[in-house]
Amino acid sequence: MREPPSPQEDSAALMCTSSNQEQGDDWKATTIAMMEGLDLEEEDVNPRRSPAERKRLRNLQKRPGWYRRVSRWVGKGTKKRIRELWPRYGIEPPGWQVKMDIPALFAPDREVRTVVVDVGFGDGATLVTKALELQELAPEVGFMGCEWHSASVGGALTRMNETAVENVRMLRGDFLHHLRAGWFAPGALDEVCIFFPDPWPRPEDHERRVINAVSVGHLAGCVKPGGFLHVATDVRDYAAWVGKVMEGDGGNWEACAVPKESVLYRSPSQDGVEDGPHYHHGLEEVEAIYGLLEARPRWRPLTRYESRGIHELEHKIYDLCYRRKYIPGEESA
């Protein structure tokens with residue numbers, strides 16, 4: 001099984017070196033210690049950078065996005081719900097480069113054999129809707145949500161508690177950090193969904209995008225051969241960026257339509273969702289973006305963010321799908 005790229009392959013803004021330090025069980029202490037080893041030499045030998053750009057790079061390396069919590073904006077009620085519900089639905093991350101036993105995170109009576117990860121689930125509506133649809137239809141499927149924003153985590157926990165969903169577990173923090181930390185064993189994930197991620201539109205912030213040349217390499221290491229990556233965005237430039245990155249890693253990924261082998265395909269279709277002109281693409285546009293689907297997948301629930309973008313802001317939605325290739329000599333987990 002192909003191992004994910006080492007952290008040393010990351011760019012300067014994303015690198016986390018930890019070879020010369022003890023890795024304890026305290027996640028916060030471990031991650032802070034990792035960031036202290038960032039190499040700033042590149043900044044010193046690049047005289048073209050302005051003072052503002054150098055300051056931005058230093059701030060990015062000292063205080064990365066996955067560590068910020070913006071907890072000062074979270075109400076007391078939300079904090080209370082997180083404290084009460086986290087032991088039931090939350091996942092305490094292991095140490096650095098320690099693999100998680102994902103099936104063991106669910107109830108003993110639920111034998112999870114297929115794992116679907118929802119990255120940046122927002123208010124949790126899509127995550128919980130899909131989990132409820134498949135809870136009885138496919139009991140072997142387990143969902144894992146990943147979100148760093150505390151208010152979103154609190155809202156999703158409340159939704160999960162009210163619906164009594166049993167096949168969802170939650171992981172806090174930035175998915176990029178989780179990939180670099182090596183918590184997902186090779187072939188541990190069957191499908192990864194990244195719906196409407198932050199596009200980070202400024203060129204100097206592109207290293208923060210969840211889909212980049214480094215992250216897709218890590219994903220290839222933890223998504224099993226034949227597994228899928230689903231991406232949806234309302235920013236055409238971001239869709240083109242994703243297509244370019246995935247095409248550049250063509251040795252591991254191939255563009256595909258959403259097939260019946262996908263776990264998400266088994267859920268009931270969303271008959272009440274209108275495709276409309278926003279979801280259909282002309283032939284030239286489909287060919288221009290690698291992996292772009294011709295129409296919106298019917299199984300993907302219509303999110304509140306997406307609905308507002310369509311009806312109020314007249315956004316156009318771009319759905320992309322990729323399959324992890326089978327590599328000779330590599331076995332499926």
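Residues numbered from 1 in each chain as written. Predicted model: local features only at pLDDT ≥ 70, side-chain atom pairs only at ≥ 80, totals over all residues. Heavy atoms only, no water.

Concerning the side chain of E140
Part 1 of the reasoning: Position of E140 relative to the elements: it lies in the loop between α5 (125-137) and β2 (141-147).
Part 2 of the reasoning: Those residues in contact with E140, other than ones at most four positions away along the chain, are E111, V112, R113, T114 and R266. (Helix = DSSP H or I, 4+ residues; strand = E, 2+ residues; numbered from the N terminus. Contact = heavy atoms within 4.5 Å.)

Overview of the nonpolar core
Part 1 of the reasoning: Grouped together as the largest cluster of nonpolar side chains are 41 residues, with contacts concentrated most on F175, F184, L189, I211, L219, L229 and W253.
Part 2 of the reasoning: Among the secondary structure elements, those contributing two or more residues to this core are β1 (114-119), β2, α7 (175-180), β4 (189-195), α8 (213-222), β5 (223-233), α9 (236-248) and β7 (318-324).
Part 3 of the reasoning: At 5 residues, α9 tops the list of elements feeding residues into this core.
Part 4 of the reasoning: In this structure I211 touches I194, V216, L229, Y238, W241, V242 and V245, once residues within four positions along its chain are discounted.
Part 5 of the reasoning: By size, the runner-up hydrophobic cluster in this structure holds 35 residues, among which are Y89, F195, I310 and I317. (Core = buried A, V, L, I, M, F, W, Y, C linked by side-chain atoms within 4.5 Å. Buried < 20%, exposed > 50% of the residue type's maximum accessible area, 1.4 Å probe, protein only.)

So, the environment of R323
Part 1 of the reasoning: Within the secondary structure, R323 sits in strand β7.
Part 2 of the reasoning: On a C-alpha basis, the gap between R323 and C256 in space is 6.4 Å, while along the polypeptide they are 67 residues apart.
Part 3 of the reasoning: Not counting chain neighbours up to four residues away, the residues in contact with R323 comprise G226, G227, F228, N252, W253, E254, C256 and P259.

Regarding the sheet that holds β2
Working definition: the strands of a sheet are paired by backbone hydrogen bonds and lie parallel or antiparallel to each other.
Part 1 of the reasoning: Sheet architecture is open: 7 strands sit in the order β3-β2-β1-β4-β5-β7-β6, paired in mixed fashion. Since the sheet does not close on itself, it has two edges, and those belong to β3 (168-172) and β6 (253-255), each with one partner. Adjacent strand axes in the sheet meet at a mean angle of 20° when their direction is disregarded.
Part 2 of the reasoning: The pairing of β2 with β3 spans 5 bridges and is classified as parallel. (Pairing = 2+ DSSP bridges. Axes fitted to C-alpha atoms, helices over the stretch in contact; angles between N-to-C directions.)

Focus: the pairing of β5
Part 1 of the reasoning: Within β5, 11 of the 11 residues are buried, leaving the element largely enclosed by the surrounding structure.
Part 2 of the reasoning: Relative to β5, β4 is paired through 6 bridges, and the arrangement is parallel. Along β5, the bridge assignment pairs I194 with V231.
Part 3 of the reasoning: For the handedness criterion, the β-α-β arrangement of β4, α8 and β5 is classed as right-handed.
Part 4 of the reasoning: Pairing of β5 with β7 involves 6 bridges; the strand directions are antiparallel. Within β7, the residue paired with A232 across the bridge is D319. (Right-handed = clockwise from strand over helix to strand, strands pointing away.)

Structural notes on the packing of aromatic side chains
Part 1 of the reasoning: Across all of its chains, the model carries 4 aromatic pairs by this definition.
Part 2 of the reasoning: Look at F175 and F184: their rings are 6.0 Å apart centre to centre, the planes differ by 50°, and that puts the pair in the tilted class.
Part 3 of the reasoning: Take F175: its relative accessible area is 3%, and that puts it in the buried class.
Part 4 of the reasoning: Directly above the ring of W200 sits R208, whose terminal nitrogen or CZ lies 5.0 Å from the centroid.
Part 5 of the reasoning: One cation-aromatic arrangement involves R300 over F195; the distance from NZ or CZ to the ring centre is 5.6 Å. (Phe/Tyr/Trp six-rings, centres within 6.5 Å; stacked < 30°, edge-to-face > 60°. Lys NZ or Arg CZ within 6 Å of the ring centre and 35° of its normal.)

Brief notes about unusual backbone geometry
Part 1 of the reasoning: Phi is positive for Q97, close to 65°, though the residue is something other than glycine.
Part 2 of the reasoning: Within the secondary structure, Q97 sits in the loop between α4 (76-89) and β1.
Part 3 of the reasoning: Its identity as a non-glycine residue notwithstanding, W200 has a phi of 40°, on the positive side.
Part 4 of the reasoning: Among the secondary structure elements, W200 is positioned in the loop between β4 and α8.

What about the packing of α4 against helix α6 (residues 150-163)?
In helix packing, the relevant descriptors are the interaxial angle and the interaxial distance, both defined with respect to the helix axes.
Part 1 of the reasoning: α6 packs onto α4 with a crossing angle of 60° between their chain directions and a minimal axis gap of 9 Å. Relative to α6, the element α4 is oriented oblique. The two elements α4 and α6 cross, and the hand of that crossing is left-handed. In contact with T78, R81, I82, L85, W86, R88 and Y89 of α4, α6 contributes S150, A151, V153, G154, L157, T158, M160 and N161.
Part 2 of the reasoning: Each residue belonging to the contact of α4 with α6 can be placed in one class, and the counts come to 8 nonpolar, 5 polar and 2 charged. (Parallel < 35°, antiparallel > 145°, perpendicular 65-115°, else oblique. Left-handed = near helix turned anticlockwise from the far one by under 90°. Nonpolar A, V, L, I, M, F, W, Y, C, P; charged D, E, K, R; others polar.)

Take it as geometry only, folks, not as evidence of what the structure does.
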